[in-house]
Amino acid sequence: MKNFFLLIVSLIFSLASIAQTKVSGMVKDDLGGEVPFANVIFKNSTEGTITNEDGRFYLESDKRYHTLVVSFIGYATQEIELTRSVMYDLEVVLPEGEQLKEVIVYTGRQSKKNNPAIDILRKIWERKRSNGVKQFKQYEYDKYEKIEFDLNTIDSALIQSRLFRGMEFMFEEVDTSRVTGKTYLPIFINEAFSKVYGDNEINKEKEELLGNKNSGFSSNQSIVGFVQDLYADYDIYDNYLKFFDKSFVSPLSKTGIDTYNYVLNDSAFIDNKWCYNIVYYPRRKSELTFKGDFWVNDTTYAIKDINLQVTKSANINWVKEIYIEQQFDVVNDSTLLLKRDYMLTDFALNKKEKSRGVYGKRTTLFDNYIFDREKPSELYKKEVDDFDPDIYERDDAFWEENRLESLNKDEAGVYKLLDTLKTVPKFRRLYNAASIIASGYVEFDQLNLDYGPIFSTFGFNDVEGVRIRVGGRTYFGRNDPWRIEGYTAYGFKDQKFKYGISGKWLLDKKSRLIISAGNRRDVEQTGVSLSATTDVLGRSFASSSLLAGGDNSRLTNINLTTATIGLEPFKNVRFDVTGIYKTFKTASPETFSLEYEDPNSPGNFSSELKQSELNLRLSLTPKRKTLGYGVERKDVNDDHSRIFLNYTKGLDGFIGDGFDYDKIQLYYVQPWQIGGFGRLTTSLEMGKTYGEVPLPLLSVVPGNQTYFSIYNTFNLLDFYEFVTDEYASFHAEHNFNGRLFSRIPGLRKLNLREFVGLRGVWGSISDGNRALNVRAFETLPVNPNAIAPNDKIYYEYSFGVGNIFKVFRLDFNFRGNYFENPDARRFNVTGSFGFFF
């Protein structure tokens, strides 16, 4: 191991010599304090960087430079002689500079008035809509994207750790980051080559993927989905740049002058164009901001080069560093086009300087621009399924021809490295463990079966007591045209087995014509969702909650059989027709009744319901992105709206007895990104049942007796506290993403996040349905005079604090009215946990 380590060390130093100049260090003032956001540049060049909030910097270049220039407004500029090509841990002291009478010196917080940098910024705003490809009627270009993941901060302790014992050979490819100066080891790479077409007259754009290749994880849905969602496209001219579900204020934003300090730092010729250099840094800490600089042309006011680095105090989890640089190419006197976009993200458990993590790097190159060549409008029509397996099987000749930037030695070695690691048993175990946590399934590749979901193995309720569940599914790959899944469960209190099984088959990929069928016999907490579902294996969260309060015995024995045929004639527009047969019977006769008066035999009551239904469903999910082209697809993004229109026809006497009724329901969810003020999520539900039906077919306002915060439920309502046959419900929740707490000194460093919520529902129930279910209502926690909230709108409001220890959230819920209901809860605290950026 010692000899191996010496080999690694020698390899690191030999690789370090490839880049001609490498420097790192810290900038301080003459009193020993750090100087954040100081300008560090190689003399007689435009290659430079800005110190971070701790005054640290790292800079490298492929060229050999002999002098480093360090400057900051209000301090005397220092020139550091570079006696060697690699010089780390420099300490640069900036003495206080002289303030000349005829020169305005900007220090710290910059003025918005008489600031030439802001005058230039206003010119950028005026011209931004006429820059780049927006100048032309039509455009097309080639796009090459390379995404890479690397282990970083490679040292002897990591190499010799038990985690990597038996895999030491992988460290032969260690390199040094040109942005942070840390050592790293490439472990994953994904390449994509596309042709992009756009038409500004009809405001349409289409990206046609021509080739895709990655280093060995293409069969894993979770990893591929994470990679696909990780790096969304962005435009630096937009007011806000969205990364990791956070909106960062762009330094070119019109709101930037209230967020950033701007300093006109330099001017020079770049590609024979006279450009101004503007340095910017945030006015306040803990906000979602950048620091960096940009070069802007003096006539077009188009950006020539820009770099953005997220400030260390920004309220974002699991990310220590985000660095972005874009380069624009001069086409003619009035046109600058994006040539290269580079983004580096340092994922880590904390933001300590020496903490280890994983680099995520995306490099995108653009070339072969063609303008004003009109294309038929059919080109921009989005296909429901555009999967072409040949795209993922391109040969080496294709990539040699279409890579706009050659792979370096380390990147090319990743493909071989992953192939080798897959043969190492220990790596397979680590990979499988990560896959289980991410997907919830244990893979048995040789059997083409997955066991799970493992998180549903244990449960508890008042009827079943402790419940154990085992299940699985067929899995040949993420694009399987068919899939079968099932489970069985056993309750130790009721001593009964339950089961569920379903199958689905993709008949036509172009229209996504799918048929499915299934049957489930189980114990369930009904009435926890207003909108109907046809998911035969779906079981409500309240059916087996380990942590719940109050009486949880109002459960139902359900036998559900469904058969569905559906298709997607247009992208993200789906139609489904489902035939349903279901029976309901109380699972706890002592505490809960489903008895209803038999309409054909007045005075006689039935305790079991058998019902046949026909369900028609329209689903609209505009701007939804999905992963996979098989019978099941995985949603990649959650920033799209969802609209569901549902019609159910109850069939009397189709199979056994039943009720003839009609039900119409609308469900609409809309997320709203409100710039730097966070994200608002709203939902609206409306429905009406025509006809008299038993309790299981009515619309129960969803309560929540668990200790978890669950969106679209009412945290202070008990199950079945309100029952309706006509309703309208509204939910709103806003996540400020720490915007308010970041301005409070005592809370700023905790990076907490604020939530506010408002929920309301109105509903009514007919006298006929009251009379039909009189015995069932007697066992519910309802006020006989307020079975439905029709006298006034029932409402709740809540205040939440999230990002506690990065994973926990607490919501403080307050009831607004209907305090006269039996055992009404006025206040409670619910919580949730999860991993969010």
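Residues numbered from 1 in each chain as written. Predicted model: local features only at pLDDT ≥ 70, side-chain atom pairs only at ≥ 80, totals over all residues. Heavy atoms only, no water.

As for the sheet that holds strand 5 (residues 67-71)
- Sheet architecture is open: four strands sit in the order 3-2-5-6, paired in antiparallel fashion. Because the sheet does not close on itself, it has two edges, and the strands there are strand 3 (48-50) and strand 6 (78-81). Each adjacent strand pair in this sheet contributes to an overall mean axis angle of 20°, direction not counted.
- Bridge analysis of strand 2 (residues 39-42) against strand 3 gives three bridges, and the strand direction is antiparallel. In the strand pairing of strand 3, isoleucine 41 is matched with glycine 48. (Pairing = 2+ DSSP bridges. Helix = DSSP H or I, 4+ residues; strand = E, 2+ residues; numbered from the N terminus. Axes fitted to C-alpha atoms, helices over the stretch in contact; angles between N-to-C directions.)

Points about the packing of aromatic side chains
- Under the definition given, this model contains 32 aromatic pairs.
- Where phenylalanine 592 meets tyrosine 720, the ring centres are 5.2 Å apart and the plane angle is 40°; that geometry is what we call tilted. Of this pair, phenylalanine 592 sits in the loop between strand 29 (573-586) and strand 30 (596-597) while tyrosine 720 sits in the loop between strand 38 (699-700) and strand 39 (723-724), placing them 128 residues apart in sequence. Here the two residues phenylalanine 592 and tyrosine 720 agree in accessibility, since each one is buried.
- Of note, arginine 473 hangs over the ring of tyrosine 441, and the distance from its end group to the ring centre comes to 3.7 Å. (Phe/Tyr/Trp six-rings, centres within 6.5 Å; stacked < 30°, edge-to-face > 60°. Buried < 20%, exposed > 50% of the residue type's maximum accessible area, 1.4 Å probe, protein only. Lys NZ or Arg CZ within 6 Å of the ring centre and 35° of its normal.)

Section: the pairing of strand 5
- With four of five residues buried, strand 5 lies mostly within the body of the structure.
- Bridge count for strand 2 against strand 5 is four bridges, and the pairing is antiparallel. Paired with asparagine 39 across the bridge in strand 5 is serine 71.
- Bridge count between strand 5 and strand 6: four bridges; the pairing is antiparallel. Bridge assignment links threonine 67 to a residue of strand 6, and that residue is glutamate 81.

Structural notes on the confidence of the model for the protein chain
- For the protein chain, per-residue confidence averages 81 on the pLDDT scale, and residues scoring 70 or more make up 87% of the total.
- Taken together, the stretch residues 1-19 has pLDDT below 50 and engages in 25 contacts with residues farther than four places along the chain or on a different chain.
- The model gives residues 98-107 a pLDDT under 50, and that stretch makes ten contacts with residues more than four places away or in other chains. (pLDDT = per-residue confidence, 0-100. Contact = heavy atoms within 4.5 Å.)

Some details on empty space enclosed by the protein
- Tallying each qualifying case throughout the model produces one cavity of 30 Å³ or more.
- Of the pockets and cavities examined, the largest cavity occupies roughly 130 Å³.
- Forming the boundary of the largest cavity are 17 residues, of which Glu287, Leu288, Gly676, Asn737 and Arg739 lie nearest the centre.
- Taken together, the residues that form the lining of the largest cavity break down as four nonpolar, eleven polar and two charged. (1 Å grid on protein atoms, 1.4 Å probe; cavity = no way out; pocket = protein on both sides within 12 Å on 5 of 7 lines; lining within 4 Å. Points joined across faces, edges and corners; volume = space filled by probe spheres on them. Nonpolar A, V, L, I, M, F, W, Y, C, P; charged D, E, K, R; others polar.)

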